[in-house]
Amino acid sequence: MTEPFLSDFLAPGVDADEVPELAALNSARPLLDAFITLFRGTEAEVLMRLLVLREIGREAEAPRWSPDALRARFTYLDPVKLETVLKRLRDNALLAIGEDGQYHLSDIGRNAVAAIAMLLRFGEEEDAELGFLTAQLAGLQAVGGVTAESLGHLLSKLNDLTWHFEEAIASGSEFRILDARRRLSANGRWLERGTDILNKLLADPEVDFDIARIAQRIGLAQSRLARVDAAFQRALNKIEAQRVTLGGSGISSSDVAAWLRRLDIAMLASFAEGGLAAVPDLPLLAGGHELLDRAETALGDDKVRGEVDATLPPPDSSPVGTAPDAEDLAMLEHFTHRLESLPEPRPLHHVIAGGGFALASYRLSLLALLADGEDASPVDGPIGAFMRLPLDVRFGDELVPVGEDEIAAINAGEVVPRATALPAQS
């Protein structure tokens, strides 16, 4: 089976020279041929070529290899297969042989090895794409080669992240929001690095118009990502207000959901054993005459008149002076007085501790009401007084060990009086 030509992919009557988008690719054919050589064939062949090429390029002090040195270096490979790989790399200009008969990487081969090494480096981290694009942009800026296309790749990635985070918030899932928040935190250093690059680009009065336009759009996308953390916190506060605590145990519905998410399918399926029962196949214990008698009674006039008669019972006087049972809010009022006298920011576990795990869980669930503020608070009453306290609660992602008062660990956070909050930067 013959390989298709480039003209086979074009519409009838269109020549490759008439497509300007192909010009940049055609001018880079030697580099593209190098990557085609590396990645064409089976998975095993590709891995062997990359292995040999990377190991040859890894030796920086003595970059030239004799055939015997290569065979000694790759003793774990089949000699015939090794010769085949070396010949393929040599024939396609990834390896070169000097006049002394020693192997060394060609310029194209070294560029290919460097590019693959950078990709593998970022492949070890979460969201490798953003890190790779930012590092690539920093390198281009260092040599004065930033292009609108390289900026466009970064803008596309930032818009994709924004869409992902907004979708997580719209889902209302606590676990998706927490995962998205961790992802945003992991990308924080790349966002800061991207901001530095943009500031330097926009500070240049001779920057190209297209580059400046895309750089401004990247700045807007980064501003949206900077505000999304507050949106995460608001969504988590709403979930916290709706969280159900199972009795006085301090275990919430979120704890149960997190525990279930850690189980495998077999364990989840075992919970249904004995919970479902088939309807028994019982014999019919009534004959035709009995069924006919029941039908005549159901369709009789007495039955119809009984269903139509819907006379209300006579009214009864309601008891006078009976007050409804008052809810015991002594613990809430005591907690309110404690927070009213809070002089300075305090760690979260210091604020809620006291009286054991159950009381600490109750106080922690009350702190979620502070996020709603005056907009959603009742007009009066102990609950409204608590919700109008001038306090902010800031939650973190890490766990802080406590080891006392029946609390092993708790999420990092603090309760901050609004009077001590820093003013917003203008």
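These figures come from a predicted structure and were not determined experimentally. (Residues numbered from 1 in each chain as written. Predicted model: local features only at pLDDT ≥ 70, side-chain atom pairs only at ≥ 80, totals over all residues. Heavy atoms only, no water.)

Asks: What is the right way to read the overall build of the protein from this model?
Replies: In terms of regular secondary structure, the protein is built from 19 helices and five strands. Counting the 426 residues in the protein, one finds 28% classified as buried. The long-range share in the protein, meaning contacts at least 24 apart out of those at least 6 apart in sequence, stands at 60%. Accessible surface, the protein: about 28400 Å² in total, of which carbon and sulfur atoms supply 57%. (Helix = DSSP H or I, 4+ residues; strand = E, 2+ residues; numbered from the N terminus. Buried < 20%, exposed > 50% of the residue type's maximum accessible area, 1.4 Å probe, protein only. Contact = heavy atoms within 4.5 Å. Areas by Shrake-Rupley, 256 points an atom, 1.4 Å probe, with all protein chains shown as cover.)

Asks: Can you help me understand the layout of surface pockets in this one?
Replies: Empty space among the atoms becomes apparent when a probe as large as a water molecule is rolled across them. Considering only enclosed or pocket space, the largest pocket measures out at about 1200 Å³ in volume. Taken together, 37 residues form the lining of the largest pocket, with E240, R243, D255, L364 and N411 sitting closest to its centre. Elements with a contribution of two residues or more to the lining of the largest pocket: helix 9 (174-186), helix 11 (209-242), helix 12 (253-261), helix 17 (348-352), helix 18 (357-367), strand 4 (391-404) and strand 5 (407-417). In this structure, the second largest pocket encloses a volume near 330 Å³. Lining the second largest pocket are 13 residues, with R29, L32, D33, I36 and R40 positioned closest to its centre. (1 Å grid on protein atoms, 1.4 Å probe; cavity = no way out; pocket = protein on both sides within 12 Å on 5 of 7 lines; lining within 4 Å. Points joined across faces, edges and corners; volume = space filled by probe spheres on them.)

Asks: Looking at this structure, I do not really get the pairing of strand 5. What am I missing?
Replies: Two faces make up the sheet, and in a regular strand the side chains alternate between them. The pairing of strand 3 (residues 346-347) with strand 5 spans two bridges and is classified as antiparallel. Within the sheet, the bridge partner assigned to P347 lies in strand 5 and is E414. Taken together, strand 4 and the strand that follows it, strand 5, pair antiparallel across an intervening segment of two residues, in which D405 is found at a positive phi of about 55 degrees. (Pairing = 2+ DSSP bridges.)

Asks: Would you mind going over the sheet that holds strand 4 with me for this structure?
Replies: In a beta sheet, neighbouring strands are held together by backbone hydrogen bonds and run either parallel or antiparallel to one another. Pairing is antiparallel across the open sheet formed by three strands, whose spatial order is 3-5-4. For this open sheet the edge positions go to strand 3 and strand 4, each flanked by a neighbour on one side alone.

Asks: Would you mind showing me how to read the nonpolar core here?
Replies: As a rule of thumb, nonpolar side chains are buried together in soluble globular proteins. Residues L130, L151, L154, L158, F165, I218 and F232 are the most contacted members of the largest nonpolar core, which totals 32 residues. Sorting the residues of this core by element identifies helix 7 (128-142), helix 8 (148-171), helix 9, helix 10 (188-203) and helix 11 as the ones contributing at least two each. For this core, the element with the highest residue contribution is helix 11, accounting for 11 residues. Formed by 22 residues, the second largest nonpolar core is a distinct cluster that contains L38, L50, L95 and L105. (Core = buried A, V, L, I, M, F, W, Y, C linked by side-chain atoms within 4.5 Å.)

Asks: What exactly am I supposed to notice about a nonpolar patch on the surface here?
Replies: A cluster of nonpolar side chains, namely I251, V256, W259, L260, I265, M267, L268 and F271, defines an oily patch on the protein surface of about 710 Å² accessible area. Mapped onto the nonpolar patch, the elements with two or more residues apiece are helix 12 and helix 13 (265-270). As for its placement among the helices and strands, I251 is situated in the loop between helix 11 and helix 12. (Patch = residues over 30% accessible without salt bridge, like charges linked within 9 Å, V, L, I, M, F, W, Y side chains within 5 Å. Salt bridge = Lys/Arg side-chain N within 4 Å of Asp/Glu carboxyl O.)

Asks: Looking at this structure, how should I read the environment of S252?
Replies: Inspection of the secondary structure assignment puts S252 in the loop between helix 11 and helix 12. Along the sequence, S252 and S361 sit 109 residues apart, while their C-alpha atoms lie 9.1 Å from each other.

Asks: Quick question: what am I supposed to make of the side chain of Q233 here?
Replies: Position of Q233 among the secondary structure elements: in helix 11. Sequence-distant contacts of Q233, defined by excluding residues within four places in its chain, comprise R181 and F395.

Asks: Before we go on, may I ask you to explain the packing of helix 16 (residues 330-340) against helix 18 in this structure?
Replies: Each pair of packed helices can be summarised by the angle the axes make with each other and by the distance between the axes. Two numbers describe how helix 16 lies on helix 18: the axes approach to 11 Å, and their chain directions differ by 65 degrees. Classified by the angle between their axes, helix 16 and helix 18 sit roughly perpendicular to one another. In this structure, helix 16 meets helix 18 at a crossing whose hand is right-handed. Packed against helix 16, whose contacting residues are M331, L332, F335, R338 and L339, the element helix 18 presents L359, Y362, R363, L366 and L367 at the interface. Among the residues making up the contact of helix 16 with helix 18, the classes are represented as eight nonpolar, no polar and two charged. (Axes fitted to C-alpha atoms, helices over the stretch in contact; angles between N-to-C directions. Parallel < 35°, antiparallel > 145°, perpendicular 65-115°, else oblique. Left-handed = near helix turned anticlockwise from the far one by under 90°. Nonpolar A, V, L, I, M, F, W, Y, C, P; charged D, E, K, R; others polar.)

Asks: Would you mind showing me how to read helix 9 here?
Replies: In an α-helix there are 3.6 residues to a turn, and that puts residues three or four apart on one side. The end-to-end C-alpha distance of helix 9 is 18 Å, a good match for the 18 Å that 13 residues give at a rise of 1.5 Å each. Among the residues of helix 9, E174, F175, I177, A180, R181, R183 and L184 are the ones counted as buried. In this structure, the buried residues of helix 9 make contact with helix 8, helix 10, helix 11, helix 12 and strand 4. (Expected span 1.5 Å × (residues − 1).)

Asks: How do you make sense of unusual backbone geometry when you look at a structure like this?
Replies: Glycine aside, residues mostly have negative phi angles, and peptide bonds mostly take the trans form. Even without glycine at this site, A93 takes up a positive phi of about 65 degrees. Inspection of the secondary structure assignment puts A93 in the loop between helix 5 (79-91) and strand 1 (95-97). Judged by relative accessible area, which is 41%, A93 ranks as partly exposed.

Asks: Can you help me understand the pattern of salt bridges in this one?
Replies: Any two side chains of opposite charge can pair, so long as their charged atoms come close to each other. Summed over all chains, the structure comprises 10 salt bridges. Here E45 and R49 are joined by a salt bridge, their closest N and O atoms 3.8 Å apart. You can see E45 and its partner R49 sitting in helix 3 (residues 43-58), four residues apart, about one turn around the helix. Residue R49 is classed as buried on the basis of its relative accessible area, which comes to 5%. Where R73 meets E55, a salt bridge forms, and the shortest distance between an N and an O atom there is 2.4 Å. Here E55 lies in helix 3 and R73 lies in helix 4 (residues 67-73), a separation of 18 residues in the sequence. The class of R73 is partly exposed, set by a relative accessible area of 32%. E55 gets classed as buried once you look at its relative accessible area, which sits at 12%.

Asks: What is the right way to look at the packing of aromatic side chains in this model?
Replies: A ring pair, where both rings are aromatic, is described by two values, the distance of the centres and the angle of the planes. If you walk through the whole model with that rule in mind, you get four aromatic pairs. Between the aromatic rings of F74 and Y76, the centroid separation amounts to 6.1 Å while the plane-to-plane angle is 70 degrees, which identifies the pairing as edge-to-face. For F74, a relative accessible area of 1% corresponds to the buried category. (Phe/Tyr/Trp six-rings, centres within 6.5 Å; stacked < 30°, edge-to-face > 60°.)

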